[in-house]
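A structural walkthrough
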Amino acid sequence: MNNSNSMFARATPILFGALFLIGLVAPFAVYPTFLMKILCFGLFACAFNLLLGFAGLLSFGHAAFLGSAGYVCGMLVRDVGVTPELGILGGTLAAGALGWVVGVLAIRRTGIYFAMITLALSQMVYFIVLQWKATGGEDGLQGVPRGHLFGVIDLSNNLAMYYLAFAVFCIGFFIIYRAIHSPFGQILKAIRENEPRAVSLGYDVAKFKLLAFVLSAALAGMAGATKTLVFQLASLTDVHWHMSGEVVLMTLLGGLGTVLGPLVGAATIVSLQTELADSVGSWVTVIMGTIFVVCVLLFRRGIVGELQALIRRAGIR
């Protein structure tokens, strides 16, 4: 086991370096808008995984943070006229603030009660967005300009927009990775594994849970704000409960509690939706549900989790 763990530790910098280089050259081989969608949902899933995979908190309301940040970013860029980087920052901060409010109300509950509170509050956000005229209602917030990054770089160029989305993803992923591998991350794991023992050791469990929730919400908002700039639209779909379920599927499919699993899960789901949308139509939802059931029953570790288990078993032998 120690040999396999040390092997993972040695391989991690090489793997991340290779993935970074692939990300740099990918838009020259694959349609950039498709890649940007994967990056946005990948960051969203990684942010959700920080909460569920490492803190053990199942939120059914994470769509509220993705969608609300998208609307805030869209309003700032379109109506106020700020630059896109400030729009993303504003959306991220707004999602973090909303996460704090939801977290304060929900964090002292556990299990299904916590999940239901987050779902109920998320539906309140959905209702506000639907009824508020400034958000465009069912039509969404349309005509959001990409603008000029730092007032200089024209983001109407798909390649320039891709590298901004890639940079945002890398920043968000780095924050998550550092959080997981810090003392803060170790405390979250301790709370997940045995909360009473963490309390007995003197940790303020509620405070650490709230910090994890706010960080997860803010990073989900970063993904949502970037998505709004990519598609120049803040959609009502992004705050719907269905999106909260979709991110759960992405995380479980890729590998709950793994670092790269949510990105793999997001890439898989986005690819399937893109390929199947024209051929099967509304049956895409049924197919996604089937994949979820198969994943839960047969591949409980997810794609990355199963690969890691195979490597560890091979290392032991």
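This text follows the structure it describes.
With that out of the way, let us pick up the packing of aromatic side chains. Considering all chains together, one arrives at 10 aromatic pairs under this definition. Judged by centre distance (6.1 Å) and plane angle (85 degrees), the rings of Tyr-203 and Phe-208 are edge-to-face. Since its relative accessible area comes to 34%, Tyr-203 is described here as partly exposed. Three or more aromatic residues joined by ring pairs make a cluster, and in this case those are Phe-16, Phe-169, Phe-173 and Tyr-177.

Time to look at the side chain of Thr-92. In this structure, Thr-92 sits in helix α4 (residues 84-106). Within polar-contact distance, the side chain of Thr-92 engages the backbone oxygen of Ile-88 at 2.8 Å. With residues up to four places along the chain from it excluded, the contact list for Thr-92 reads Ala-218, Gly-221 and Met-222.

So, on to a nonpolar patch on the surface. Together, Phe-292, Val-293, Val-294, Leu-297, Leu-298 and Phe-299 make up a nonpolar patch on the protein surface, roughly 560 Å² of accessible area in all. Along the chain, the position of Val-293 falls in helix α12 (residues 283-298).

This part covers the pattern of salt bridges. Inspection of the entire model under this criterion finds 4 salt bridges. The salt bridge partner of Asp-79 is Arg-78, with a shortest N-O separation of 2.8 Å. Residue Arg-78 is classed as partly exposed on the basis of its relative accessible area of 34%. For the salt bridge of Arg-192 with Glu-193, the shortest nitrogen-to-oxygen distance reads 2.9 Å. Judged by relative accessible area, Glu-193 falls into the exposed class, the value being 58%.

About the criteria used
Residues numbered from 1 in each chain as written. Predicted model: local features only at pLDDT ≥ 70, side-chain atom pairs only at ≥ 80, totals over all residues. Heavy atoms only, no water. Phe/Tyr/Trp six-rings, centres within 6.5 Å; stacked < 30°, edge-to-face > 60°. Buried < 20%, exposed > 50% of the residue type's maximum accessible area, 1.4 Å probe, protein only. Helix = DSSP H or I, 4+ residues; strand = E, 2+ residues; numbered from the N terminus. Polar contact = N/O pair within 3.5 Å; in protein donor to acceptor, adjacent residues only side chain to side chain. Contact = heavy atoms within 4.5 Å. Patch = residues over 30% accessible without salt bridge, like charges linked within 9 Å, V, L, I, M, F, W, Y side chains within 5 Å. Areas by Shrake-Rupley, 256 points an atom, 1.4 Å probe, with all protein chains shown as cover. Salt bridge = Lys/Arg side-chain N within 4 Å of Asp/Glu carboxyl O.

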